[in-house]
Every structure is written in C-alpha cells, then in structure tokens.
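Listed below, chain by chain, are the residues.
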Amino acid sequence: MQAQSRVLVIGMDSADRALLAQWAGEGRLPVIASLIERSGVGLLKSPPALGDDAAWASFATSLSPGRHGRYYHKHLEPGSYRTPWFRDHHFAHAPFWQTLSDAGHRVGVLDVPKCPLGRIRHGFQIADWLVHGRDGETRSVPEPLAADILHRFGDDDTDRPGSSEYICGLPSLSHETQRVFMKRLLAGLQQKREAASELLARGGWDLFLVVFKESHCVQHHFWHLLDESHPAHDPHLIERLGNPILRVFHELDRAIGALIEQSGPDTKGIVFSDLGMTANYTADHLLDEALLRMEPDFPAMLRGLYRDGVRIEEKMRSRLLPQSERSFLRGMRRAYQVDHNEISGAIRINLAGREPSGRVLPGAERDALCKELAADLMELVDPDSGERAVDRVVVTDDAFPGERRDHLPDLFAVWRRDRPITGLASSKIGEVRVNTPEYRPGNHIENGFFVSFGCGEDTSHRATEASIQDIGPTIAALLGGALPDVDGEPIPGIV
Ligand SMILES: [Zn+2]
Ligand SMILES: [Zn+2]
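Reading the values: rules and limits
- Residues numbered from 1 in each chain as written.
- Chains lettered and ligands numbered in written order.
- Predicted model: local features only at pLDDT ≥ 70, side-chain atom pairs only at ≥ 80, totals over all residues.
- Heavy atoms only, no water.
- Donors = N, O, S within 2.8 Å, 3.2 Å for Na, K, Ca; no water.
- Helix = DSSP H or I, 4+ residues; strand = E, 2+ residues; numbered from the N terminus.
- Buried < 20%, exposed > 50% of the residue type's maximum accessible area, 1.4 Å probe, protein only.
- Core = buried A, V, L, I, M, F, W, Y, C linked by side-chain atoms within 4.5 Å.
- Contact = heavy atoms within 4.5 Å.
- Phe/Tyr/Trp six-rings, centres within 6.5 Å; stacked < 30°, edge-to-face > 60°.
- Lys NZ or Arg CZ within 6 Å of the ring centre and 35° of its normal.
- Pairing = 2+ DSSP bridges.
- Axes fitted to C-alpha atoms, helices over the stretch in contact; angles between N-to-C directions.

The next thing to look at is the coordination of the zinc ion (ligand 1). For the zinc ion (ligand 1), the full set of protein donor atoms is His 216 (NE2), His 220 (NE2) and His 444 (NE2), at a range of 2.0 to 2.1 Å. Mapping the donors of the zinc ion (ligand 1) onto the primary sequence gives the spacing H-x3-H-x223-H. In this pair, His 216 and His 220 are both assigned in helix H8 (residues 214-226), four residues apart and thus about one turn of the helix distant. The same class applies to His 216 and to His 220, which are both buried.

By size, the foremost hydrophobic cluster in this structure holds 58 residues, and its most contacted members are Ile 10, Met 12, Phe 208, Phe 249 and Val 271. With nine residues, helix H10 (residues 244-263) is the largest single contributor of residues to this core. Discounting chain neighbours no more than four positions away, the residues touching Met 12 are Leu 20, Ile 32, Phe 212, Ser 215, Leu 252, Ile 256, Val 271, Phe 272, Ser 273, Asp 274 and Phe 449. With 35 residues, the next largest nonpolar core counts Ala 60, Ala 463, Ile 468 and Leu 478 among its residues.

Within the structure shown, the criterion is met by 13 aromatic pairs. Taken together, a centroid distance of 5.1 Å and an interplanar angle of 75° make the contact between Phe 86 and Phe 91 edge-to-face. Judged by centre distance (5.1 Å) and plane angle (75°), the ring pair of Phe 96 and Trp 97 falls under edge-to-face. Using a relative accessible area of 0% as the deciding quantity, one classes Trp 97 as buried. Put simply, the rings of Trp 56, Phe 59, Phe 96, Trp 97 and Phe 272 touch in pairs and so form one group of aromatic residues. Sitting over the face of the ring of Trp 205, Arg 6 holds its NZ or CZ atom 3.9 Å from the ring centroid. Lying across the ring of Phe 212, Lys 192 places its NZ or CZ 5.5 Å from the centre.

With mixed pairing, nine strands are arranged side by side in an open sheet as S5-S4-S3-S6-S1-S7-S16-S2-S17. In this open sheet, the two edge strands, each paired with only one partner strand, are strand S5 (139-141) and strand S17 (465-467). Direction aside, the axes of adjacent strands within the sheet are offset by 20° on average. Judged from the six bridges that link them, strand S1 (residues 7-12) and strand S6 (residues 207-212) form a sheet pairing that is parallel. What sits directly across from Val 7, in S6, is Leu 207. Helix-sheet contacts for H10 involve S1, S6, strand S7 (268-272) and strand S16 (448-453), and the interaxial angle to S1 is about 175°.

Everything listed here is a matter of coordinates, which is why it stays silent on function.
What follows is the structure in structure tokens.
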C-alpha cells in the first residue's frame, strides 16, 4: 500500500492538560502553545475510573477495557481469587501498529507503556526501555535493537521495578533523593530525545510513535509543590529544585519541537497525553474494611481484625494461609476489594459459576447486590469533614461491555480528590479509621489532551473531544487505511 503521508505521534505520559494549558498560556511551553494556537486543544477521554494501564491498553488496541481486559498492572486470574501481574501474553489483541505493519506501512514505535510487542514486518518497536512501570525487560522487534539502544544510550535509572533503580516506586522522597530523581529524569528525557532523533533520522517510516514518561514520574512525586493545601506541601522545595514539573514539561516541549522540526514540513501528527494528574487523595486503604462491614453473613469472630491499614486477608494469609492467595477469606464474602490504582476502589463480586466459591447468584441477585453496594458506597462520608468520600460509582456492566468484561472488577468507587480522606463512615458500617499509609503526592485523574499539526488545522470542523481509542484509527486514516473491528473512530478535523 502506498502511504498518503508520514505521521509523527508523540505521547506525554499523564501530562495534565490544565497545567499544559496554563503554562502554554504563560509562554513557558512555546511549542505546545503554538500547536494549541493552530489546532486548538482537545480533551482526550480515557476509560472512566481507570488509570494508566487501562488507558495505554485502550490506546494500543483502540478497544474499550471490556474488550482488551486490562485494568491494572495486576489482573484477576479467571477461575481463581488470585491477582497476579498482567503480562504481554494476557493480551488477546494486537496493537494497532501491527495491523498497520501487516497492511504494508513502515512503523517505528518507541516506548508505548504497558503494551506488548507487535509482530512488526516493516519497521521496529522498542518496549519497556524508558517507561513508567515496566511490564518486563527492555525488548524489541527486530530483537537486536533493544540491546543496541541500551548499549549506546544507557538504561533507565528511576523506573526499574525489582532493582535499586526504582525511585518511582517509592511513596515519598528525601530531599537528597528528590535531587537525584530530578537529575536522572532530565538525563533520561535527553536519552529518549537523542534515541528518538536518531531513529527518526534513519528514515524508512510512515508512522513514528514515541512516548515520553518523565511527565508521569515527576507529577506523581512533586504534585504537592503546586498545591499549597496539600498536607505534604513544602514551600522550600522550589528554592532547592525550582519547579520540577515545569522543568520537565519545558524540556519535553523542546524535545517535541525538535522532533517535529526534524520530521519535515510534510509530516502530519498528533501530540497527546493519556490522563491528567491531581492530588492523591484516596480511601484505598479503608475500602476493604468498609466492604467487610457491609457483609451480612461474615463470621463475627473474623471481624475487627483490621489494624493499622493491613487488610484482614493480608493478616490471615501471613498467619494461617501462606499458600492460599487470600482465596479462603475472599470465598466467604459477597464482594471484596482487589488491587487497583488509588484513583478508584476496585470491587469484585464473588459470583457463583465464575469464582471458585461463588456465593452470589448471577442475574437478579447479582444485579441487586451491585445496586446495594453502589448505594452504600455513595453513602460513605469522611467522618472529619462530613463530606462524601466517593465521587461516583462506575459499574462495569454499563461502562465496559465486551468479551473480556469478566476479566475486570465489577464496580469502581471513584474517590473524591478535593481533600484528604481520613476515614469512612455511614449508618451501615459505623466508622472505619486506620493510619493513612504513605502515598505518592500526586496521582492520575481521567482524561488527557490532544493537539495536531500538519493536518490542515481546520478548526471549524475540529472535534474538541475524542477518546484515547480514537488515536489509532486516526493514525490509520492519516495513512490512508483503517483498523478493522475496533471501538475507536478517526477524529473529525484531523482526518
Ligand atoms: Zn502512575
Ligand atoms: Zn516513573
């Protein structure tokens, strides 16, 4: 197939659109500002209640989470109560760049997070080099490329789970670690910029897709700097480090400008982020005890074992059930919390026929329980403020239909984010309080942004809102093709 044009797509992982708009408006991000001026800035909707794992999986597959099945870096293992790591082989769908490669397009893909390697016939893909939260080792198609990139540009030194080079995994940073973290983030951004530039210069691509992670990492760890009401706000931090988020965004702005410039005047493209960021206020550590207290038949002797933020299953597992993976206690309940990003509390119904010791019958009984739990969750208040703790409950049946719907939790309680949540209380559960564990200061909120360049920029027909699932189909359309059987659609005004 003859490509109609070359397409350059640049992702800024989790870069908050309000911050970008503010700093672009103040002249601090001149490249983003000029893109916004020409194309307008669009709201890029991400899957409701979910964080970066789901957003990037929806980006890569152009599918809703109900069809691709990824909601977190752990997943519900069908037919068990286990929640092991999500890995490449759990994906049932190919990334869209594989479809484009199959159609004869030459693709270059560098570091789309949380995504498997495609089978690339024409071009290359590098995965898990400089990304926030690797799924696995740095790897590539063709295979030798990853080792070559690592050898010549160096490895990641803030985001390697399981190693001492995993500053991103710490809940809080000492002053010295903050300094080291910033230095390494800015150096990593430079590594990515240079590698992208070199790969771009090799030519032979119709689509070049690169994602920068540093916006993600820096906002998680420095959000409290921007928010004077944040309990961890440190007015002296800015004297020590400047504004770390602005420094990273500014360097990203320069890198984006350089890559667009290098790609040439006839290249079309999109710059986008998958999600936003705000203060990390959550009741993640309180939810499972609240759910336990909503259980009508849970044995009285097992109640009240919740202490110091440790879930009852964790205590029981370490004392009594070393091999059980929580299954014994989960099997005794109607519903239980499963691991998820602090953005929302993820709840699984213990469904007969789906879970090994399912207690809730499918159909009317399950529907009634979902309604009851949703109502009970919306009743929860923070006992200190008297304010509701849950912003809204997202019901998987409504939000994420699809063939992998049962791979997802059944309900998500989206936490309010305007103040810290110190406890949970309602007439049904009484009051739950434990010591708040340390959380990173910032965390994801739904929805990112998009801007385009080189696409005519007819703002009169430009969509001001699109979905992250639409980026793949938009790229395909810019290349003169289409993606079969996906949920997204080309964004009006870009194509
Ligand atoms: Zn994150
Ligand atoms: Zn990171």
